[in-house]
Amino acid sequence: TPESLSLVLNADNLCIESEALSQTVADYCRIHPEYLDSVFLANITGHKFMPKIHPTEALFLLNLCITYESDQHQNSREDGNAEKGLSLRSRCVKATKNWKVVFGSSVLSNKRKRSSLNDEYSNLYLPLKVELMEAALVSANITDEEISRENAVLLEKN
């Protein structure tokens with residue numbers, strides 16, 4: 001039941017890795033959409049027990065966050081965590097920095113196949129898409145710069 005899930009997730013002795021928990025919660029939401037509302041979603045995605053979102057679930061949870069406006073309830077529960085970057089929206093955006101896992105080639109390529117990933121991305125409003133792409137580009141650029149530095153070091157050694 002939704003009540004049982006909320007109790008388990010908010011237990012002080014909860015012992016599960018945050019990203020794995022986000023996958024479990026996302027699966028629950030897919031299986032039981034009838035239970036979803038803003039308060040319940042805020043309860044089961046709290047920063048206290050889920051500080052990190054798994055990249056594969058970032059777009060799905062981001063869509064739920066926007067659809068149900070759960071951050072409004074989470075912010076009131078957790079004393080302004082949106083300002084600290086701890087809202088579900090912020091955590092989902094942060095997870096998209098792992099762009100290879102989140103987007104792969106499906107969103108960024110010209111060969112778009114219809115999939116839930118494309119639907120989850122397409123449903124987002126444009127300013128948020130820009131924010132996600134900026135985060136992915138910054139992350140990709142940092143990765144590219146790191147590779148270039150490593151290559152330069154290897155060339156110097158040879």
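See the structure shown above.
Owing to the predicted nature of the structure, the values given are computational and were not obtained by experimental measurement.

Trainee: Mind showing me how you'd approach the pattern of salt bridges here?
Mentor: When charged atoms on two side chains of opposite charge get close, those side chains can pair. One pass over the structure, following the stated rule, counts 4 salt bridges. In this structure, K48 engages D12 in a salt bridge whose closest nitrogen and oxygen atoms are separated by 3.8 Å. Of this pair, K48 sits in the loop between α3 (38-44) and α4 (58-68) while D12 sits in the loop between α1 (2-9) and α2 (18-31), placing them 36 residues apart in sequence. Given a relative accessible area of 74%, D12 falls into the exposed group. The salt bridge partner of R30 is E57, with a shortest N-O separation of 2.6 Å. Of this pair, R30 sits in helix α2 while E57 sits in the loop between α3 and α4, placing them 27 residues apart in sequence. Taking relative accessible area as the criterion, R30 reaches 37% and is therefore assigned partly exposed. Using a relative accessible area of 8% as the deciding quantity, one classes E57 as buried. Several salt bridges converge on common partners, so that one network encompasses D27, R30 and E57.

Trainee: When you look at the layout of surface pockets in this model, what are you seeing that I'm missing?
Mentor: Over the atoms, a rolled probe matching the size of one water molecule traces out where space is still vacant. Each pocket or cavity is described by its volume, and for the largest pocket that value is around 180 Å³. Around the largest pocket, the lining comprises 11 residues; the ones closest to its centre are P51, K52, I53, K94 and A95. In terms of residues, the lining of the largest pocket owes the most to one element, helix α6 (residues 88-95), which gives 3 residues. Split into classes, the residues belonging to the lining of the largest pocket amount to 5 nonpolar, 2 polar and 4 charged.

Trainee: Got a minute to help me understand the nonpolar core in this structure?
Mentor: Counting 33 residues, the largest nonpolar core has C29, I44, I53 and F103 as its most contacted members. When contributions to this core are tallied by element, the ones reaching two or more residues are α1, α2, α3, α4, α6 and α9 (126-157). Among the elements that take part in this core, α4 stands out by supplying 7 residues, more than any other.

Trainee: Would you mind going over the environment of S18 with me for this structure?
Mentor: Relative to the assigned elements, S18 resides in helix α2. Judged by relative accessible area, which is 10%, S18 ranks as buried. Separated by 34 residues in sequence, S18 and K52 have C-alpha atoms that sit 5.5 Å apart. When near neighbours in sequence (up to four residues on either side) are disregarded, S18 contacts F49, M50, P51 and K52.

Here is what the cut-offs are and how they apply
Residues numbered from 1 in each chain as written. Predicted model: local features only at pLDDT ≥ 70, side-chain atom pairs only at ≥ 80, totals over all residues. Heavy atoms only, no water. Salt bridge = Lys/Arg side-chain N within 4 Å of Asp/Glu carboxyl O. Helix = DSSP H or I, 4+ residues; strand = E, 2+ residues; numbered from the N terminus. Buried < 20%, exposed > 50% of the residue type's maximum accessible area, 1.4 Å probe, protein only. 1 Å grid on protein atoms, 1.4 Å probe; cavity = no way out; pocket = protein on both sides within 12 Å on 5 of 7 lines; lining within 4 Å. Points joined across faces, edges and corners; volume = space filled by probe spheres on them. Nonpolar A, V, L, I, M, F, W, Y, C, P; charged D, E, K, R; others polar. Core = buried A, V, L, I, M, F, W, Y, C linked by side-chain atoms within 4.5 Å. Contact = heavy atoms within 4.5 Å.

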